[in-house]
Amino acid sequence: MTTVLEVEARVPSRSVTVGLSVAAGETVAVVGPNGAGKSSLLQVVAGTLRPDPGVVRLSGVTLAGPGRHVPPHRRQLAYLQQKSLLFPHLSVVDNVAFGPRSRGTGRGQARDRAMAELEAVGLADLAQRRPRQLSGGQAQRVAIARALAVDPGVLLLDEPFAALDASVTPGLRSLLRDRLSASGVGAVLVTHELLDVVTLARRMVVLEQGEVVADDTVERLCAAPPSDFVADLVGLNLVRGRARSAHALAWDGVEVTGRGEDLSVGAEARATFSPESVGLHREPPGGSPRNVLAATVVAIDPQGPVVEVRLRVGDQSIRARLTPAGVAALDLQAGDRVHAVVKATQVSLFPG
């Protein structure tokens, strides 16, 4: 696949060092905790933040580098943010036509292109409305049409659905996925939502403390989270230790057995398991091969139909999800000592 975007940049003032490439037709999800450098990455690509040093290339053209900085309005990209940011004094069709017009396309041709894009997002019948006459979901559809109307080399997506009602986001995710697939445009998606990642992207880049800590397929990183942040994002417990055997790791006097890749004794290793797979007991249970972990209750957090119990096991944290009735039966309080139980068949092991 042809690479359309290449970024190798440092921003010392923000303690950010990032490297990223995007192929034509590829959507790369960029995730990480607040302050990890996600917004800085988008700003470097967009041209509102200068790397020092660094290089940004779009379709082989250098946009930023030693002695060169192409201003944002001359970069062949589009930026879709949380809010649609439509021009309030222009009609819907003129909002979408603005991009092509600003790049030299004639008025008639720009309006034809705008109508084609509005048709693609299902809003051709609202072409003459003003932004104030649109719902939030409709306005974001117009913003998608406007972004793609300029034939961008890369589309930058910054939490594009965060400001919208949850009822409209599934349809917009599907719409954006289909439009990106049809256009073959490369995209960089910054999000905190796992559904955005799995719906729109096949590759995920993880930023933490201003650096890329993982770059792999969404499937692999979701199955084997490289960090606590990604584990939380995908809803798994992640513990780290050193391999005691090919199928067990230990930390701080705690040992967990599981299945997966064979581990090298003494090497660093990770184990993942779902909070739903963790049972809590006042007394150590017997039975089939299980991991029985001495734990301390840290917090109890009701979450609708389930209750999340945060636990300390050795010097690491895990979570269990129980029914309210299960928590009540155990009469759990913060500070209680319990036994966390998870079957070995529900623990996945990975090197590193």
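Quick note: structure is the one above.
Description of the structure in this document. No experiment lies behind these values; they were computed from the predicted model shown. (Residues numbered from 1 in each chain as written. Predicted model: local features only at pLDDT ≥ 70, side-chain atom pairs only at ≥ 80, totals over all residues. Heavy atoms only, no water.)

1. Overview of the pairing of strand β4 (residues 54-58)
Thinking step 1. On β4, burial follows the alternation: Gly-54, Val-56 and Leu-58 on one face are buried, whereas Val-55 and Arg-57 on the facing-out side are not.
Thinking step 2. Sheet topology note: the strand β1 (residues 3-11)/β4 ladder contains 5 bridges and is antiparallel. Bridge pairing links Val-7 to Val-56 in β4.
Thinking step 3. Relative to strand β5 (residues 61-65), β4 runs antiparallel, the two being bridged by 3 bridges. Among the inter-strand pairings, Arg-57 is bridged to a residue of β5, identified as Thr-62.
Thinking step 4. Turn length for the β4-β5 hairpin, with the two strands adjacent in sequence and antiparallel, is 2 residues, and the turn residue Ser-59 shows positive phi of about 50°. (Buried < 20%, exposed > 50% of the residue type's maximum accessible area, 1.4 Å probe, protein only. Helix = DSSP H or I, 4+ residues; strand = E, 2+ residues; numbered from the N terminus. Pairing = 2+ DSSP bridges.)

2. Thoughts on the sheet that holds strand β13 (residues 248-251)
Thinking step 1. Across the sheet, which stays open at both edges, the 6 strands sit in the order β14-β13-β12-β16-β22-β15 with mixed pairing between neighbours. Since the sheet does not close on itself, it has two edges, and those belong to β14 (254-257) and β15 (259-260), each with one partner.
Thinking step 2. As paired strands, strand β16 (residues 268-273) and strand β22 (residues 348-351) are joined by 4 bridges and run antiparallel to one another. Pairing of Ala-269 across the sheet is with Pro-351, part of β22.

3. What about the pattern of salt bridges?
Thinking step 1. If you walk through the whole model with that rule in mind, you get 16 salt bridges.
Thinking step 2. Arg-203 is paired through a salt bridge with Glu-26; the nearest N and O atoms lie 3.0 Å apart. In this pair, Arg-203 is assigned in strand β10 (residues 203-208) and Glu-26 in the loop between β2 (16-23) and β3 (27-31), connecting sequence segments 177 residues apart. Glu-26 shares its class with Arg-203; the two are buried.
Thinking step 3. The salt bridge involving Asp-151 is made with Arg-113; its shortest N-O contact spans 2.7 Å. Within this pair, whereas Asp-151 is found in the loop between α4 (136-148) and β8 (154-158), its partner Arg-113 is found in helix α3 (residues 107-120), the two being separated by 38 residues in sequence.
Thinking step 4. Sharing partners across several salt bridges, the network here consists of Asp-232, Glu-276, Glu-308, Arg-319 and Arg-321. (Salt bridge = Lys/Arg side-chain N within 4 Å of Asp/Glu carboxyl O.)

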